[in-house]
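Structural overview
What follows is the residue order along each chain.
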Amino acid sequence: MFKKDLDLEREWQALLGKIENMIGKKPADLNAVLFLIGVQELGKGRRTFTKEQKQDLMHIAICKILSFSGFYALEGIDEDGWPHWKMMKKLPHFDTTEQEKLLKIHVIEYFEKESIL
């Protein structure tokens, strides 16, 4: 494993610890963190979501975090208060491991920029 990979993993584990301190439970994986970001971005607080809404929340999160690199831009908010994003440029083709690294880097950036923790 490269030093930058080890550094990313340390930052990721530190972030998971901070989230655990904030919500009382350690997120199981990247998808759980993306779900939390989606809920935060929706701004409607805690509530029960359907399976489809949970998928939409994760999509919102992915668009939000990838907007930091210009891949997406907020298009607007619909009448129900859900944000909609527009793809600005295509994502590079990565294998699953590289995709996860990219998302983790952006998730860490999200929590730093949004000052949530």
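Our structure's up above, just so we're on the same page.
Now for a description of the structure that goes with this document. (Residues numbered from 1 in each chain as written. Predicted model: local features only at pLDDT ≥ 70, side-chain atom pairs only at ≥ 80, totals over all residues. Heavy atoms only, no water.)

Some remarks on the overall build of the protein chain
The helix and strand inventory of the protein chain stands at four helices and two strands. Beginning at the N terminus, the succession of helices and strands in the protein chain can be written as α-α-α-β-β-α. By the compact-globule yardstick of 13 Å for 117 residues, the protein chain fits well, its C-alpha radius of gyration being 14 Å. On the principal axes, the C-alpha backbone points of the protein chain span a range of 45 × 35 × 25 Å. Taking all 117 residues of the protein chain together, 30% fall into the buried category. Here the analysis covers contacts within the protein chain between residues at least 6 apart in sequence; of these, 49% occur between residues at least 24 apart. Total accessible area computed for the protein chain in this model is approximately 7800 Å², and 51% of it derives from carbon and sulfur atoms. Between the centroid of the 18 positive side chains of the protein chain and the centroid of its 19 negative side chains there is a distance of 2 Å. (Helix = DSSP H or I, 4+ residues; strand = E, 2+ residues; numbered from the N terminus. Rg over C-alpha atoms; globule rule 2.2 N^0.38 Å. Buried < 20%, exposed > 50% of the residue type's maximum accessible area, 1.4 Å probe, protein only. Contact = heavy atoms within 4.5 Å. Areas by Shrake-Rupley, 256 points an atom, 1.4 Å probe, with all protein chains shown as cover. Lys, Arg positive; Asp, Glu negative; His and termini not counted. Charge placed at Lys NZ, Arg CZ, Asp CG, Glu CD.)

Brief notes about the pattern of salt bridges
Taken as a whole and judged by the stated rule, the model has eight salt bridges. Residues Lys3 and Asp7 are paired through a salt bridge, measuring 2.9 Å at the closest nitrogen-oxygen approach. Of the two residues, Lys3 and Asp7 are both situated in helix H1 (residues 3-23); the distance of four residues between them amounts to about one turn of the helix. Glu109 serves as the salt-bridge partner of Lys113, at 3.0 Å between the closest nitrogen and oxygen. Residue Lys113 and its partner Glu109 are located together in helix H4 (residues 96-114), separated by four residues, close to a single helical turn. Among the ionic contacts, a cluster of salt bridges with common partners joins Lys3, Asp7 and Arg10. (Salt bridge = Lys/Arg side-chain N within 4 Å of Asp/Glu carboxyl O.)

Focus: the pairing of strand E2 (residues 83-87)
Pairing between strand E1 (residues 72-77) and E2: five bridges, direction antiparallel. Each residue of the ladder has a partner; that of Ile77, found in E2, is Pro83. Counting the residues that bridge the hairpin from E1 to E2 gives five residues, and of these Gly81 lies at a positive phi of roughly 90°. (Pairing = 2+ DSSP bridges.)

With respect to the packing of aromatic side chains
The full count for this structure, using the stated rule, is two aromatic pairs. Judged by centre distance (6.1 Å) and plane angle (85°), the ring pair of Phe35 and Phe49 falls under edge-to-face. Of the two residues, Phe35 sits in helix H2 (residues 30-42) while Phe49 sits in the loop between H2 and helix H3 (51-66), which places them 14 residues apart along the sequence. In this structure Phe49 comes out as buried when scored by relative accessible area, which is 9%. The positively charged end of Lys89 is found above the aromatic ring belonging to Phe71, 4.9 Å away from the centroid. (Phe/Tyr/Trp six-rings, centres within 6.5 Å; stacked < 30°, edge-to-face > 60°. Lys NZ or Arg CZ within 6 Å of the ring centre and 35° of its normal.)

Everything listed is a geometric property; what it means functionally is a separate question.
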